[in-house]
Amino acid sequence: MDDTPTNTHRRKLLTGAVTLAAAAPLMAGLSACGAASEPETKATAGATAATTTPVANTTPLTARRTLGTLEVSAVGLGVQNMHRTYQTTVPRREEMINIIRTAFERGVTFFDCAEAYGPFENERILGEAIAPFRDQVVITSKFGWNIDPDTGQRGPGLNSRPAHVKRAVEGMLKRLRTDRIDLLYQHRVDPAVPIEDVAGAIKELMDEGKVLHWGLSEPGIETARRAHAALPLTAIQNEYSMATRDPEQAVIPLCEELGIGFVPWWPLDCQLLTGWIDPDTRFAQGELRGATPRFSPENLARNMPLIDLIKTWAGRKSATPAQIALAWLLAQRPWIVPIPGTTQMAHLLENIGAASLAFDATELQELNAAAAAITVHGARLPEGVLAFSGAEAALR
């Protein structure tokens, strides 16, 4: 099979109008919103939220979970937006490295990244940060967008052709300063490439010791089954939160059936669940949330019942809203590991503290029932980005 990219018609990005041509860079920024409370999101509500939100529990993380056969910390860290923040400012590289190293010191052993994040730059930051303790952590990266492995130039669509995948992995290893990737995901299913061909390329990389485990992000269900049959999957990564419950329909049952771990990205729904966004929040022109139906002025107002529910439970549990949202995810299955991202040290500690928050059986039943009774309004992503999710790979 040749190495021609797939230009299919079908993650915090500020690219203007959301079109198919912009979808790849948009996807490169999605998990940035996994951060905990971000007061800079809106100038007017920060003071009110700060006075009503309980002090965050910042207990170090000791809990471990298993994705397939891979042991990781119960909460990971999404290393996606450390080359520039969601507000497009450029963080100090030294501080981002400090955040990653502090995460490790506080018990985080699971760090999620991708070649598309930057592209390339977040892998470089992660590689530098973990160098002193590389053998004590699990790192991930992802391939699949049509990104030149040498220059980082983005082309249209997707490219999971085996030769391209192998070139992409060689670049990842150099940027991450490592000889192996613990968990390698296909970022999105390439409809033009049989998943068995992708699995074959991954198997060859495993045989060379360059990849230890593999997984899929936002795959179609049948493709996930075929992939697992060809080469057992360790994890599936999908957007999942108290606001985005779609994976409960088919993906999570599939993971349970096949023994695959599940890794939610956007576990705080791009800050919606942190309590910092209210009906009066507006987003800058070109910002992803401004083009996402769920964050339209009308739908923000309609989605406040869920936020109010989370704030009520934050008060009951002496936690922050972000911690309630993360603890809820952890309570759903013992093999679910959320990967909130942040560029703020306080939010890192807040997210880690969520793992020490527990619901008893009665509390969880009550919270689940209350959340299930609330309708969340608006699609989770712009149409042009959603089109890449749930795709099925070509048959051989």
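The structure this text deals with has already been given above.
Procedures and definitions
Residues numbered from 1 in each chain as written. Predicted model: local features only at pLDDT ≥ 70, side-chain atom pairs only at ≥ 80, totals over all residues. Heavy atoms only, no water. 1 Å grid on protein atoms, 1.4 Å probe; cavity = no way out; pocket = protein on both sides within 12 Å on 5 of 7 lines; lining within 4 Å. Points joined across faces, edges and corners; volume = space filled by probe spheres on them. Helix = DSSP H or I, 4+ residues; strand = E, 2+ residues; numbered from the N terminus. Pairing = 2+ DSSP bridges. Axes fitted to C-alpha atoms, helices over the stretch in contact; angles between N-to-C directions. Parallel < 35°, antiparallel > 145°, perpendicular 65-115°, else oblique. Contact = heavy atoms within 4.5 Å. Polar contact = N/O pair within 3.5 Å; in protein donor to acceptor, adjacent residues only side chain to side chain. Buried < 20%, exposed > 50% of the residue type's maximum accessible area, 1.4 Å probe, protein only. Salt bridge = Lys/Arg side-chain N within 4 Å of Asp/Glu carboxyl O. Lys, Arg positive; Asp, Glu negative; His and termini not counted. Core = buried A, V, L, I, M, F, W, Y, C linked by side-chain atoms within 4.5 Å. Expected span 1.5 Å × (residues − 1). Phe/Tyr/Trp six-rings, centres within 6.5 Å; stacked < 30°, edge-to-face > 60°. Lys NZ or Arg CZ within 6 Å of the ring centre and 35° of its normal.

### Looking at empty space enclosed by the protein
At step 1: Here the second largest cavity defines a volume of roughly 40 Å³.
At step 2: In terms of lining residues, the second largest cavity is bounded by V75, G76, L77, V108, P340, T342, L348, N351 and I352.
At step 3: In terms of residue count, the dominant contributor to the lining of the second largest cavity is helix α12 (residues 345-353) (three residues).

### Some words on the sheet that holds strand β4 (residues 110-112)
At step 1: Read across the open sheet, the seven strands follow the order β3-β4-β5-β8-β9-β10-β11; overall the sheet is parallel. The open sheet has two edge strands with one neighbour each: β3 (77-78) and β11 (261-265).
At step 2: Bridge analysis of strand β8 (residues 181-186) against strand β9 (residues 211-217) gives five bridges, and the strand direction is parallel. If you follow L183 over to β9, its bridge partner there is H213.

### Observations regarding the packing of helix α4 (residues 121-130) against helix α5 (residues 162-176)
At step 1: Relative orientation of the contacting elements α4 and α5 amounts to 45 degrees, with a least axis distance of 7 Å. In terms of axis orientation, α4 runs oblique to α5. Taken together, the residues of α5 that come into contact with α4 (itself represented by E123, R124, L126 and G127) are M172, R175 and L176.

### Here we look at the environment of E239
At step 1: For E239, the location among the structural elements is in strand β10 (residues 235-239).
At step 2: Sequence spacing of E239 and S217 is 22 residues, and the spatial spacing of their C-alpha atoms is 8.9 Å.
At step 3: Excluding its chain neighbours within four sequence positions, the residues that come into contact with E239 are E218, T244, P247, W265, W266, D269, R380 and L381.
At step 4: Within polar-contact distance, the side chain of E239 engages the side chain of T244 at 3.3 Å.
At step 5: In this structure the side chain of E239 is engaged in a polar contact, spanning 2.7 Å, whose partner is the side chain of R380.

### Notes on unusual backbone geometry
At step 1: Omega for the bond connecting G118 with P119 falls within 30 degrees of zero, at -5 degrees, which places this linkage in the cis form.
At step 2: Mapped onto the fold, P119 is located in the loop between β4 and α4.
At step 3: Unlike most non-glycine residues, E218 shows phi in positive territory, near 55 degrees.
At step 4: In this fold, E218 is placed in the loop between β9 and α7 (221-230).
At step 5: The class for E218 is buried, based on a relative accessible area of 1%.
At step 6: Phi is positive for W266, which is not a glycine, with a value near 50 degrees.
At step 7: Along the chain, the position of W266 falls in the loop between β11 and α9 (297-302).
At step 8: Here W266 falls in the buried class, since its relative accessible area comes to 0%.

### Considering the pattern of salt bridges
Pairs can form between side chains of opposite charge whenever their charged atoms are close.
At step 1: With the rule as written, the count across this model stands at 25 salt bridges.
At step 2: D150 is the partner of R167 in a salt bridge, and the nearest nitrogen-oxygen pair spans 2.6 Å. Placement of the pair is R167 in helix α5 and D150 in the loop between β6 (145-147) and β7 (154-158), with a sequence separation of 17 residues.
At step 3: For D150, a relative accessible area of 61% puts it in the exposed group.
At step 4: We note a salt bridge from K203 to D207, for which the minimum N-O separation is 2.9 Å. Of this pair, K203 and D207 both sit in helix α6 (residues 195-207), four residues apart, roughly one helical turn.
At step 5: Each of R93, E121, R124 and E128 takes part in salt bridges that share partners, so that together they form one network.

### Points about the side chain of R65
At step 1: Positionally, R65 belongs in strand β1 (residues 64-67).
At step 2: For the buried residue R65, which engages in no salt bridge, the nearest side chain bearing the opposite charge is E71, 11 Å off.
At step 3: Of the polar contacts made by the side chain of R65, one reaches the backbone oxygen of R333; its length is 2.8 Å.
At step 4: Once residues lying within four places of it in the same chain are set aside, the contact partners of R65 are L70, E71, V72, S73, A74, L330, R333, P334, W335, I336 and V337.

### Section: α7
At step 1: If you check which residues of α7 are buried, you get T223, A224, R226, A227 and H228.
At step 2: Elements that come into contact with the buried residues of α7 comprise α6, β9, β10 and α8 (251-258).

### Some points on the nonpolar core
In a soluble, globular protein the nonpolar side chains are often hidden away together inside.
At step 1: With 108 residues, the main nonpolar core has I100, F110, F111, I202 and W214 as its most contacted residues.
At step 2: With eight residues, the top contributor of residues to this core is helix α11 (residues 321-332).
At step 3: In this structure, F111 is in contact with L77, V79, I100, A103, F104, L126, V137, V138, I139 and T140, ignoring residues within four places of it in sequence.
At step 4: Grouped together as the second largest cluster of nonpolar side chains are six residues, F120, W145, I147 and L158 included.

### As for helix α3 (residues 93-105)
At step 1: Given a rise of 1.5 Å per residue, 13 residues ought to cover 18 Å, and the 18 Å separating the end C-alpha atoms of α3 matches this to within 8%.
At step 2: Inspection of α3 places M96, I97, I99, I100, T102 and A103 among the buried residues, and these make up the whole buried set.
At step 3: For α3, the elements touching its buried residues are β3, β4, α4 and α12.

### A short note on the packing of aromatic side chains
At step 1: Applying the stated criterion to the full structure yields seven aromatic pairs.
At step 2: Aromatic pair F104 and F133: ring centres 3.9 Å apart, planes at 5 degrees, arrangement stacked. Here F104 is found in helix α3, whereas its partner F133 is found in the loop between α4 and β5 (138-143), with 29 residues between them in sequence.
At step 3: Since its relative accessible area comes to 7%, F133 is described here as buried.
At step 4: Aromatic rings pair up to connect Y240, F262 and W328 into one cluster.
At step 5: Above the plane of the ring of F120 lies R175, whose end atom (NZ or CZ) is 3.7 Å from the centre.
At step 6: Positioned above the aromatic ring of W313 is the side chain of R316, whose terminal nitrogen or guanidinium carbon lies 3.8 Å from the ring centre.

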